[in-house]
Amino acid sequence: MSEILKPFYNPGPGDIIKDAMEELGWQQNDLAEILGLSLKSVNLILNNKQAITPETAELLGKAFSTSAELWLNLDAKHQLRKLESSDTGKKELAEAKAKFRRLMPVGELKKKGWFLHDVSTVEGIKAETKRFFGTEAYVPEERKMEFCARQAQFDYNYTLAYCNVWYQYAKLFAEHMPLPPFNRDGLNDIAKSLCDYTLERDGINKVISDLKNCGVGFFVLSHLQKTYLDGAAFVLNGNPFIAYTARYDRVDNFWFVLAHEIAHIILHFDYLEKGCLDNMDEDAKTNREKQADKKAAELLHSEAIVKCGNNYRKYFTFDRLQQISRQLHIAIPVVLGILQHNKVIEWKKFSNVREPVTDKIHKACFAG
């Protein structure tokens, strides 16, 4: 004989009260008078259509010689059981939104226009999760992040998650950049001439163009909150890419980040499929980062600049800044940035020499 399925029964506090009233021989009028409630309120409670408030629970406890918690718990369990079978779509969406926001700063990414799908829906959230991470069911704890990030330690968990999102978007953008095969010798020539580029009238776009011609992609991708990133280098489909955040919108910052990422490509090409994400505020903590810092300093003549600057430390004038620039054949803003970074000159000095960089880079280079 097949099993008979009983209909779902979800007893509430009203059902228990009815049973107690029946044993005592009470009518609804009696209970209303005892509790000091209107007959309408008692009727709604008995039919589980009115929530049990703490005050009502206290009155019911006195009337039936029970605790007030009994009635509150009965009502809470009754309401929860009702919710189990109601509006599952709304609950699924709330869960999906919560998980999605643990992965990335959703509001910020909306403003930047990084989403292709409507992330106010479950389907849109799944599509964006798959687009960024390759699977709809991405769980950060189950995957080791395949990149080496030098970053500040504040908000460490969010920093790692948001760095990962930034890096994934950088790779998505890079996939659509057409490039010739990577020419290592061509990159070495650019590296040797990096100081010359700083002096050219449109040297920033010239170096970006020359990098592209030798198979190195470059683009500007703004940083995300809590990532503290200045730039990154990575290899995708055999081509190296440099992503610059312009977190510090200065010409000197551009050239030093560029030199650092070029150094990574020259020194660590085989490692860059995992990617190197960099924060220039922090001291290098790994051998690779130390090597890239040293190479970048060589490309920009940092040691010679600091040595010259130390000679003039007590009486540093703009004329001497110009003199170092001419002597070492490197642009004044870069000389100033290196001297300030190495604490030879205070940051507040010669502030009029510092130049913003974002308005000098062609808009086609901006990824978002």
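Located above this text is the structure these notes cover.
Attention in this report is confined to the structure presented alongside it.

Thresholds applied
Residues numbered from 1 in each chain as written. Predicted model: local features only at pLDDT ≥ 70, side-chain atom pairs only at ≥ 80, totals over all residues. Heavy atoms only, no water. Phe/Tyr/Trp six-rings, centres within 6.5 Å; stacked < 30°, edge-to-face > 60°. Helix = DSSP H or I, 4+ residues; strand = E, 2+ residues; numbered from the N terminus. Buried < 20%, exposed > 50% of the residue type's maximum accessible area, 1.4 Å probe, protein only. Lys NZ or Arg CZ within 6 Å of the ring centre and 35° of its normal. Salt bridge = Lys/Arg side-chain N within 4 Å of Asp/Glu carboxyl O. Axes fitted to C-alpha atoms, helices over the stretch in contact; angles between N-to-C directions. Parallel < 35°, antiparallel > 145°, perpendicular 65-115°, else oblique. Left-handed = near helix turned anticlockwise from the far one by under 90°. Contact = heavy atoms within 4.5 Å. Nonpolar A, V, L, I, M, F, W, Y, C, P; charged D, E, K, R; others polar. Pairing = 2+ DSSP bridges. Disulfide = S-S within 2.5 Å.

Further remarks concern the packing of aromatic side chains. Enumeration over the complete set of coordinates arrives at 17 aromatic pairs. With 4.1 Å between their ring centres and 5° between their planes, Trp114 and Tyr169 make a pair best called stacked. In this pair, Trp114 sits in the loop between helix 7 (106-112) and helix 8 (122-133) while Tyr169 sits in helix 9 (residues 156-174), placing the two residues 55 residues apart along the sequence. The pair formed by Trp114 and Tyr169 is uniform in burial state, with each residue classed as buried. An aromatic cluster is present here, built from Phe100, Trp114, Phe115, Phe132, Phe133, Tyr138 and Tyr169 joined pairwise through their rings. Directly above the aromatic system of Tyr271 lies the positively charged group of Arg288, at a separation of 3.6 Å from the ring centroid. Across the ring face of Phe366, the terminal group of Lys363 is positioned such that the distance to the ring centre comes to 5.1 Å.

Applying the stated rule across the entire model yields seven salt bridges. Ionic pairing is found between Asp252 and Arg250, a salt bridge with its closest N-O pair at 3.0 Å. With a closest N to O distance of 3.7 Å, Lys348 and Glu346 form a salt bridge.

This part is about the packing of helix 12 (residues 203-213) against helix 13 (residues 251-268). Axis separation between helix 12 and helix 13 bottoms out at 12 Å; the angle between their running directions is 20°. When the interaxial angle is binned, helix 12 and helix 13 end up roughly parallel. The crossing of helix 12 and helix 13 is left-handed. Facing Gly203, Ile204, Val207 and Leu211 of helix 12, the residues of helix 13 in contact are Phe254, Trp255, Leu258 and Ile262. Looking at the contact of helix 12 with helix 13 residue by residue, the classes come out as seven nonpolar, one polar and no charged.

For the rest of this paragraph, the subject is the pairing of strand 3 (residues 231-236). Burial analysis of strand 3 places six of its six residues in the buried class, which makes it a mostly covered element. Looking at chain direction, strand 3 and strand 4 (residues 239-244) are connected through six bridges and run antiparallel. Residue pairing across strands places Gly231 opposite Tyr244, the latter belonging to strand 4. Where strand 3 folds back on strand 4, the antiparallel hairpin that results is connected by two residues, among which Asn237 adopts a positive phi of roughly 55°. Pairing analysis gives three bridges linking strand 3 to strand 5 (residues 276-278), with the strands arranged antiparallel. When the sheet's bridge partners are listed, Ala232 is paired in strand 5 with Leu277.

We now examine helix 12. For helix 12, every residue scored as buried is listed here: Gly203, Ile204, Asn205, Val207, Ile208, Asp210 and Leu211. Residues of helix 12 that are buried sit in contact with helix 10 (184-192), helix 11 (194-199), strand 2 (217-220) and helix 13. One or two residues past the end of helix 12 sits Gly215, with phi positive at roughly 85°.

The subject of this paragraph is the packing of helix 1 (residues 13-24) against helix 5 (residues 68-84). Relative to each other, helix 1 and helix 5 sit at 135°, their axes nearing to 8 Å. The angle between the axes of helix 1 and helix 5 places the two elements in the oblique class. Across from Pro13, Ile16 and Ile17 in helix 1, the residues of helix 5 making contact are Trp71, Leu74, Asp75 and His78.

Another point: the state of the cysteines. This structure, assessed with the given rule, holds zero disulfides. Not part of a disulfide, Cys195 finds its nearest cysteine sulfur in Cys308, a span of 13 Å. Cysteine Cys365 remains unbridged, with the sulfur of Cys214 as its closest cysteine sulfur at 14 Å.

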